[in-house]
Amino acid sequence: MEPSQASPAKNPSLAKDAFEPVLIAFVCNWCTYTAADLAGTSRLTYPDNVRLVRVMCTGMVDPQYVIKAFLEGADAVLVSGCHPGDCHYINGNYKARRRILLLKQILPRFGIDAKRLRLTWIGASDGIEFARTMTRFVKDIKEIGPCQARLQPAI
Amino acid sequence: MIASIQTKNQSITRTLQDFFSDLLKTGAVDAVLVPSRISKSPYVKPCLVTSADQMDPTVPLGPGFFINAGPMVSRLTRTRADATIGVWLRPCEVRAFVELTKLRQGGRQDVVILSMDCPMALSRKDYEDWAAQGEGGLGDVDKWIHTVYQKPVTQVDAWSTARACQVCEYPYPVNADVSVMLLGADLDKEIPVRADTEKGEKLLAVLDLTDNGQEPAQRKALLGDLTADRTAAFQAMDEEMLTRTGSIDALNRFFSACVNCHNCRSVCPVCYCKECVFNTDAVAYAPAQYLSWADKWGQVPLPNDTVFFHLTRLAHIGCTCVGCGQCTLACPSQIPVADLFISVTRNARKAFDYVPGRDDAEPLPLSVFQESEFTDIVGMGNKEVT
């Protein structure tokens, strides 16, 4: 992202009718990233508001990654990995689920709507599911509007 | 078993000092860890005492609480020492230690935990005032003791107890081997002590204390009043925190005086990482990064990563904060860090039905999982993907 693009003063994307949210998606290498790859090779499209961050497992997504994403101006964060039972590292996704649950208790205390943080399971063969999820998430966040941390530094 | 220790010369401090001496003399323990004054300063620190005639500077009960001894007991039990150590801890120190043992940072095998109905604590500034008005460089400890154990109070003379103490959920021993039940006791006469474990029974047996005491008649009712008062105080604090930190803007304002000294982390008994990520190169940004942030918002405050640091810590100790209030005591900028941390964590951990320090057998929520749980947080909303 070009820094100048995100400045609220300069950025018309924050105007209500033309709001273009920034979504950060932490996707696991073995399932959701592979699904994204499949979506691409299948010529499926989804909004370009989503920035993917490939991680080896959702179990390695420390809460601080999610917090940093929000404080740096993400309007929403998605953590997405393998279906239960499919984790390449046996149980990383179960651990991720508890961390996301904890974050969903903490972030709303500071005005960050719990709906802005999602956890999904998208398997390697779910290219269609991947594109659908991204489209749906972007649509939801457009309705909720920009996150406050995007408008002012809170880092 | 419940026994009672006869009060000597109407001094609770002297009686407890003699109690610790007896523990050493009888060989019930090889050492005791107890708060003690350093070179006649009013400040107390947990000291490891092995000599029975070194008890004079100890202050077993008082409003001085400047380090949570939980991690100190963790240090003393990191590996087996081939010795038994009696540790005299406030309830929140016991609970912090229990949390550390769950992380394998210490173990209970070599310690006998003695805990008490808590005498509460003063803020650093109030403590200095309180100490300055007493004799011998220390405030009137006996008056403190006789005031706080008669009925629920948050004020002794002109001094208000720390807010963390005013909202404390466990002002009485949980998970100790021996509980000293001061609340409601006739302290001029005796101090009732209760063995809660086999280890505790053994300790009291060595001292030849007989099972003739009983829990102070008033104690149960007083504990009920205390809990009610503190629950109400917590709710008020929680609402205040929601108002003061309910948005990013408000949160920024709350932490605006923070200088990133990270003292709150240093004194936090459950901030357990050997190496904190905020001490690593992960936060050693390139100069261009700062300029990029400044360009993004028009300005960036330096040092940065202030709110980020606090929110990260909040997430990391979200289930394990014992509410001891040390973070507020240690803050050089007088930010009520503990008020925020206690409010947020006490609500957040409900999701896991977890209470830190309550039970050794309760695993840390983020260290375990079940296959079928919390399925409702997964998915995009309408269509649940599990």
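Let us look at the structure shown here.

Conventions used here
- Residues numbered from 1 in each chain as written.
- Chains lettered and ligands numbered in written order.
- Predicted model: local features only at pLDDT ≥ 70, side-chain atom pairs only at ≥ 80, totals over all residues.
- Heavy atoms only, no water.
- Helix = DSSP H or I, 4+ residues; strand = E, 2+ residues; numbered from the N terminus.
- Rg over C-alpha atoms; globule rule 2.2 N^0.38 Å.
- Buried < 20%, exposed > 50% of the residue type's maximum accessible area, 1.4 Å probe, protein only.
- Contact = heavy atoms within 4.5 Å.
- Lys, Arg positive; Asp, Glu negative; His and termini not counted.
- Charge placed at Lys NZ, Arg CZ, Asp CG, Glu CD.
- Patch = residues over 30% accessible without salt bridge, like charges linked within 9 Å, V, L, I, M, F, W, Y side chains within 5 Å.
- Areas by Shrake-Rupley, 256 points an atom, 1.4 Å probe, with all protein chains shown as cover.
- Salt bridge = Lys/Arg side-chain N within 4 Å of Asp/Glu carboxyl O.
- Buried area = accessible area lost by both parts, 1.4 Å probe.
- Axes fitted to C-alpha atoms, helices over the stretch in contact; angles between N-to-C directions.
- Parallel < 35°, antiparallel > 145°, perpendicular 65-115°, else oblique.

### Things to note about the overall build of chain B
In step 1: What chain B contains, in helices and strands, is 14 helices and nine strands.
In step 2: Whereas a compact globule of 386 residues would reach a radius of gyration of roughly 21 Å, chain B reaches 22 Å, a difference of no more than 12%.
In step 3: Oriented by its inertia axes, the alpha-carbon framework of chain B measures out at about 70 × 50 × 40 Å.
In step 4: A burial count over chain B gives 54% of its 386 residues as buried.
In step 5: For chain B, the proportion of contacts with a sequence separation of at least 24, taken over those separated by at least 6, is 73%.
In step 6: Within chain B, one finds 37 positive and 47 negative side-chain charges whose respective centroids are separated by 3 Å.

### A short note on a nonpolar patch on the surface
In step 1: On the surface, a nonpolar cluster with roughly 440 Å² of combined accessible area is contributed by W30, M56, M60, Y65 and Y89 of chain A.
In step 2: Looking at the secondary structure, you find M56 of chain A in the loop between strand 2 (50-55) and helix 3 (63-71).

### With respect to the interface of chain B and chain A
In step 1: Each side of the interface is counted separately: chain B has 59 residues, and chain A has 51 residues.
In step 2: Of the roughly 4800 Å² buried where chain B meets chain A, counting both sides, 64% is carbon and sulfur surface.
In step 3: Looking only at chain B, the three residues that lose the most surface to chain A are I248, W297 and M380 of chain B, adding up to 18% of its buried area.
In step 4: If you look at where chain B meets chain A, you find four salt bridges.
In step 5: A salt bridge links E373 of chain B to R98 of chain A, with the nearest nitrogen and oxygen atoms 2.8 Å apart.
In step 6: At the level of secondary structure, the elements contributing two or more residues to the side of chain B that touches chain A comprise helix 8 (219-245), helix 9 (248-254), helix 11 (287-297), helix 12 (306-316) and helix 14 (337-348) of chain B.

### With respect to the packing of helix 8 of chain B against helix 14 of chain B
All names here are of chain B.
In step 1: In the contact formed by helix 8 and helix 14, the axes pass within 9 Å of each other and the chain directions differ by 105°. Between helix 8 and helix 14, the interaxial angle falls into the category roughly perpendicular. Listed contacts from helix 14 to F234, M237, D238, M241 and T245 of helix 8 are D339, L340, I342, S343, R346 and N347.

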